[in-house]
Amino acid sequence: MYRHAIDQNWTLRAIPKTTPEGAAVEGVVVPATVPGCVHTDLLAAGLIADPFDGVNERLLSWIGRATWQYDSTFEGAALAEGERFDLVCEGLDTVATIVVNGVEIGRTFNQHRGYRFDLREVLLPGENSITVTFDSALDYAERMSEQYGPLPHVNEHPYNAIRKMAANFGWDWGPDVVTAGIWKPIAIERWTQARIASVRPLVTVSPGAGSVAVHVDLEKAVPGETTVVVDLDGRRVEQVVADGENSTVVTVVVDDPSLWWPRGYGEQPLYPIEVRLLEPNGDALDAWSSRIGFRSVRLDTTPDADGIPFTVVINDQPIFVKGVNWIPGDAFVTRLDREKYATSLDTAVAAGVNLVRVWGGGIYESDDFYDIADEQGLLVWQDFLFACAAYTEAEPLFGEVEAEARDAVTRLSPHASLVIWNGGNEDIVAYAEWAGFRQRVAGATWGDGYYTDLLPRIVAELDGTRPYSPNSPYSFGDYASPNEQNLGTVHIWDVWNQKDYTSYAEWRPRFVAEFGFQGPPAWSTLTSAVHDEPLRPFGEQMLIHQKAGEGNAKLDRGLAPHLPVPASGAEWDIDDWHWSTQLNQARAVTFGIEYFRSLQPRCAGTVLWQLNDCWPVISWSVVDGHGHAKPAWFALRNVYSERLLTIQPAGDALVAVAINDTAARWRGELVLATRDHLGAVLARETIALEVAPRSSATFVVPAALVPSAPDAILSADAPGSRRALRFAHEDVAGGLPRPELGTIVEETPTGYRVTVLAHSLLKDLALFPDRLDSQATVDECLVTLFPGETAVFEVRTTTPVDVGLLTVGPVLRTANDLFWADPAAERFDEPHLVTITV
């Protein structure tokens, strides 16, 4: 097998009369990066401005309506008998016509699958020309929607009529930038006699042994016998594939393999596996390699006294899922590489996450994503790519869905991290519950055949080792109640859309697959793209970077029960708005996850919406589009800790719940104390703490400790856990004292160390060094201090900053600030402010 990437000397041009009159691209040919897309090539050539900046998203929408042509060349050869020369396109986005040497060899209509074309009939010795022309995916989607009969979907464009990343057409967190281009590698392959078409190493585990059934499919250019050789863990097994046969299964057994575990439960050993295809004389024809992990996986949905659970079980160990939803990491997905995937997934690992759900409006991610998940012990829940819409089951869409699903299940089968296949996102619940949805379907097919027949059949046929769920949310029963909290998975969106975040406590779910609350990105991220003068929550550019319906109004509404908001008719101070809304998002995340974790084992997991962003935007993410951790990320890290204390209401009483997500018994003293704002202990009690591994324990708070005075605070402390606090009243009701503190700033090899000494109660102390250097990061956030306590913040930056600015607003903030007219002037008493440079 000879493979040569066609990744050099590509050019790009717009087809005349498909772009606006006078556009800078008219008649211009620019270099093209392959893999890549039109937007990024035009940006690199200086022909367009950054689509993420200001109002450019709207100004550049014409790109998605134009027709684009890529041109290059490759070297051909004279072929011997039994030789093949193929063009292999791993991914074309999306409506493409491929021409080689002036002859059309194929057309494609699906971003989510690969294509292979036999070039023998058109190949020339020496130089060969190749042209790939992309018609507008948006035009095609609109045309096919009319052909199929329009079906309901969210957002503006009929993304459900084409097999392309749904979010590419705009989402409630993403820009409308309809891309086109050769988005995955394209290559020529020259081979003789036979090649390996696919490999599926399916792992099962039994006591004392691991078995790998290696399913190998071949494509043969000429009849003949071949031999498949599998090497795994020092074992070699050979299997002859007879003339006339095109597939085989080679089974390899490994004694006492080291088991692969999700993070927090054990190690992640990975075993290299190699498959070779040989001629009868032993000469090599083709080879394939990957890594596998030995582990079992099942999804427990056995009905119980409370309904139907949804519990992920790995190696017979139930796992409490601490998850996040994942969207594509860039609106221009071709800019993603292994380093960027690693950086993003590292933020999940650092937050205590053990599962990432790849959401159905995005893409099947690159192999790098799943390789990193394998290495990090991150479980992957993979949606098939359907989201929030009805999808026809008519041709040609049906055939494309089947082809892409077969591609995806086959490609991802080696990855130990992949533990759930899910039919789609909010498609069944839309049909069952969304107002007017079923009426608009009007008896047409809408996707049920995919979720309950085609997709589970493909998973069972190609990879029977992993469980399948038809959709999320899903009740594993009648469609009349797919979001029923006692049955399977739920999505909780009444909170955020209609209700305050404290309404999470109205739910008692078995598994929460989506829930979340919005907040703005880091200040440096926001101001890199939003330039309204003056900057304000409802400015034109601000709202371009807020895609949720009435999003900023919902932010304001969400603040009112908790934090001060401007009087009617008054304008926000933009710094206070930014801090308040970020803080409220963090508190919503904290409230929801602490509550849901306190319900275990009834509740078996939470998957927060969402980890990441694809551009600078106000959204539900905890890490923004420039990679900055929001306060909500620090909140997530706190509440996904292995040992968690939380104080929860229980009728008229309070309870302290100690959650132990480790393999060791948690012993120590639980100290409950009621304090006032000055930190004085008003009442105190010590309770013996003992929590079994992977479980929780509940302790009733004595009535004398339940805070009732306006300034009363209940604290719970135990070794190995972050302090839990419960205030008697919401901040907006009881107020907070004027912040008084002292600071010390020291230079370190990696930046600065900022030490804060509290002279008053300081609630949710936070430091935002990105306001001084957009690349600066900090290791801590949302620290509440009683008088006399200290907090240390490590700031990482390579750029010298004004250390005086590190210790004043809006860089250094507390919740207290929001109750004082001029906290920057009032809160810092000069004797308490000490700045030292070492």
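Residues numbered from 1 in each chain as written. Predicted model: local features only at pLDDT ≥ 70, side-chain atom pairs only at ≥ 80, totals over all residues. Heavy atoms only, no water.

Turning our attention to the nonpolar core. Residues Phe 384, Trp 421 and Leu 636 are the most contacted members of the largest nonpolar core, which totals 158 residues. Top element by residues in this core is helix 14 (residues 574-598). It accounts for 10 residues. Setting aside its immediate chain neighbours within four residues, Leu 636 contacts Val 324, Ala 351, Val 353, Val 589, Ile 593, Leu 608 and Val 622. (Core = buried A, V, L, I, M, F, W, Y, C linked by side-chain atoms within 4.5 Å. Buried < 20%, exposed > 50% of the residue type's maximum accessible area, 1.4 Å probe, protein only. Helix = DSSP H or I, 4+ residues; strand = E, 2+ residues; numbered from the N terminus. Contact = heavy atoms within 4.5 Å.)

This part covers the pairing of strand 18 (residues 297-300). Here strand 18 shows one buried face, formed by Val 297 and Leu 299, and one open face, formed by Arg 298 and Asp 300. Relative to strand 19 (residues 311-314), strand 18 is paired through 4 bridges, and the arrangement is antiparallel. Considered in strand 19, the bridge of Arg 298 is made with Val 313. (Pairing = 2+ DSSP bridges.)

Now for the packing of aromatic side chains. Describing an aromatic ring pair means giving the distance of the ring centres and the angle of the ring planes. Tallied over the entire structure, the rule returns 42 aromatic pairs. Considering the side-chain rings of Phe 310 and Phe 476, the 6.1 Å spacing of their centres and the 40° angle between planes classify their relative orientation as tilted. Placement of Phe 310 in the loop between strand 18 and strand 19 and of Phe 476 in the loop between strand 25 (468-469) and strand 26 (489-492) is noted, with a sequence separation of 166 residues between them. According to the relative accessible area criterion, Phe 310 is buried, its value standing at 1%. A relative accessible area of 24% places Phe 476 in the partly exposed class. Taking the centre distance of 5.3 Å and the plane angle of 85° together, the rings of Trp 496 and Phe 517 count as edge-to-face. Placement of Trp 496 in helix 10 (residues 494-497) and of Phe 517 in the loop between strand 27 (511-515) and helix 11 (523-529) is noted, with a sequence separation of 21 residues between them. For the pair shown, Trp 496 and Phe 517 are each scored as buried. Through a chain of ring-to-ring contacts, the aromatic side chains of Phe 386, Tyr 391, Phe 398, Tyr 431, Trp 446, Tyr 450 and Tyr 451 assemble into a single cluster. When the ring centre of Phe 727 is taken as reference, the NZ or CZ atom of Lys 763 above it lies at 3.7 Å. (Phe/Tyr/Trp six-rings, centres within 6.5 Å; stacked < 30°, edge-to-face > 60°. Lys NZ or Arg CZ within 6 Å of the ring centre and 35° of its normal.)

Now for empty space enclosed by the protein. The tally for this structure, following the rule as stated, stands at 10 cavities of 30 Å³ or more. Here the largest cavity is characterised by a volume of approximately 70 Å³. What lines the largest cavity is Pro 201, Leu 202, Val 203, Gly 293, Arg 295, Ser 413, Pro 414, His 415, Ala 416, Thr 465 and Arg 466. Here the lining of the largest cavity is composed, by residue class, of 5 nonpolar, 4 polar and 2 charged. Of the voids in this model, the second largest cavity is the one considered here, and its volume is about 60 Å³. For the lining of the second largest cavity, the class distribution of residues is 6 nonpolar, 4 polar and 1 charged. (1 Å grid on protein atoms, 1.4 Å probe; cavity = no way out; pocket = protein on both sides within 12 Å on 5 of 7 lines; lining within 4 Å. Points joined across faces, edges and corners; volume = space filled by probe spheres on them. Nonpolar A, V, L, I, M, F, W, Y, C, P; charged D, E, K, R; others polar.)

Attention shifts here to the packing of helix 14 against helix 15 (residues 631-639). Relative to each other, helix 14 and helix 15 sit at 20°, their axes nearing to 8 Å. If you check the angle between helix 14 and helix 15, you find them roughly parallel. Helix-helix and strand crossings are classified by hand; for helix 14 and helix 15 the assignment is right-handed. Contact residues: Trp 579, Gln 582, Gln 585, Ala 586, Val 589, Thr 590, Ile 593, Glu 594 and Arg 597 in helix 14; Pro 631, Ala 632, Ala 635, Leu 636 and Val 639 in helix 15. Partitioned by chemical class, the residues of the contact of helix 14 with helix 15 number 9 nonpolar, 3 polar and 2 charged. (Axes fitted to C-alpha atoms, helices over the stretch in contact; angles between N-to-C directions. Parallel < 35°, antiparallel > 145°, perpendicular 65-115°, else oblique. Left-handed = near helix turned anticlockwise from the far one by under 90°.)

The sheet built from 3 strands is open, its strands ordered 29-30-33 with antiparallel pairing. Every other strand in the sheet has two partners, leaving strand 29 (643-650) and strand 33 (695-700) as the edge strands with one partner each. For this sheet the average axis-to-axis angle between neighbouring strands, irrespective of direction, equals 25°. Across 8 bridges, strand 29 lies against strand 30 (residues 653-660) in antiparallel orientation. Residue pairing across strands places Pro 649 opposite Leu 654, the latter belonging to strand 30. Along the sheet, helix 14 makes contact with strand 29 and strand 30, crossing strand 29 at roughly 90°.

A side chain of one charge can pair with a side chain of the opposite charge when the charged atoms of the two come close. For the structure shown, the criterion picks out 52 salt bridges. A salt bridge links Asp 304 to Arg 510; the nearest nitrogen and oxygen atoms lie 2.8 Å apart. Linking Asp 304 in the loop between strand 18 and strand 19 with Arg 510 in the loop between helix 10 and strand 27, this pair joins segments that are 206 residues apart in sequence. Judged by relative accessible area, Asp 304 falls into the partly exposed class, the value being 34%. Taking relative accessible area as the criterion, Arg 510 reaches 3% and is therefore assigned buried. A salt bridge links Asp 731 to Lys 763, with the shortest nitrogen-to-oxygen separation between them at 2.7 Å. Linking Asp 731 in helix 16 (residues 731-734) with Lys 763 in strand 38 (residues 762-767), this pair joins segments that are 32 residues apart in sequence. Since its relative accessible area comes to 2%, Asp 731 is described here as buried. (Salt bridge = Lys/Arg side-chain N within 4 Å of Asp/Glu carboxyl O.)

So, on to the layout of surface pockets. Put simply, the largest pocket is a space of about 1,800 Å³. Forming the boundary of the largest pocket are 50 residues, of which Val 88, Glu 90, Ala 197, Asp 367 and Arg 411 lie nearest the centre. Secondary structure elements with two or more residues in the lining of the largest pocket: strand 5 (83-89), strand 8 (115-118), strand 11 (194-206), strand 17 (284-292), helix 4 (338-350), helix 5 (367-376) and helix 6 (397-412). Broken down by class, the residue content of the lining of the largest pocket amounts to 20 nonpolar, 10 polar and 20 charged.

The next thing to look at is helix 9 (residues 448-462). Given a rise of 1.5 Å per residue, 15 residues ought to cover 21 Å, and the 21 Å separating the end C-alpha atoms of helix 9 matches this to within 8%. The axis of helix 9 is deflected most strongly, by about 30°, at Leu 454, and proline Pro 456 appears within four residues downstream. Against strand 11, helix 6, strand 24 (418-422), helix 7 (428-433) and strand 25 lie the buried residues of helix 9. (Expected span 1.5 Å × (residues − 1). Bend = angle between axes of the 7 residues up to and from the residue.)

The next point concerns the confidence of the model for the protein chain. With 98% of its residues at a pLDDT of at least 70, the protein chain reaches an overall mean of 95. Counted against residues more than four places away or in other chains, residues 824-838, with its pLDDT under 50, gives 40 contacts. (pLDDT = per-residue confidence, 0-100.)

Strand order in the open sheet formed by 4 strands is 36-37-41-39, and the pairing between neighbours is antiparallel. Among the strands making up the open sheet, the edge pair consists of strand 36 (741-748) and strand 39 (777-778). The sheet contact formed by strand 39 and strand 41 (residues 790-796) spans 2 bridges and is antiparallel. Along strand 41, the bridge assignment pairs Thr 777 with Arg 796.

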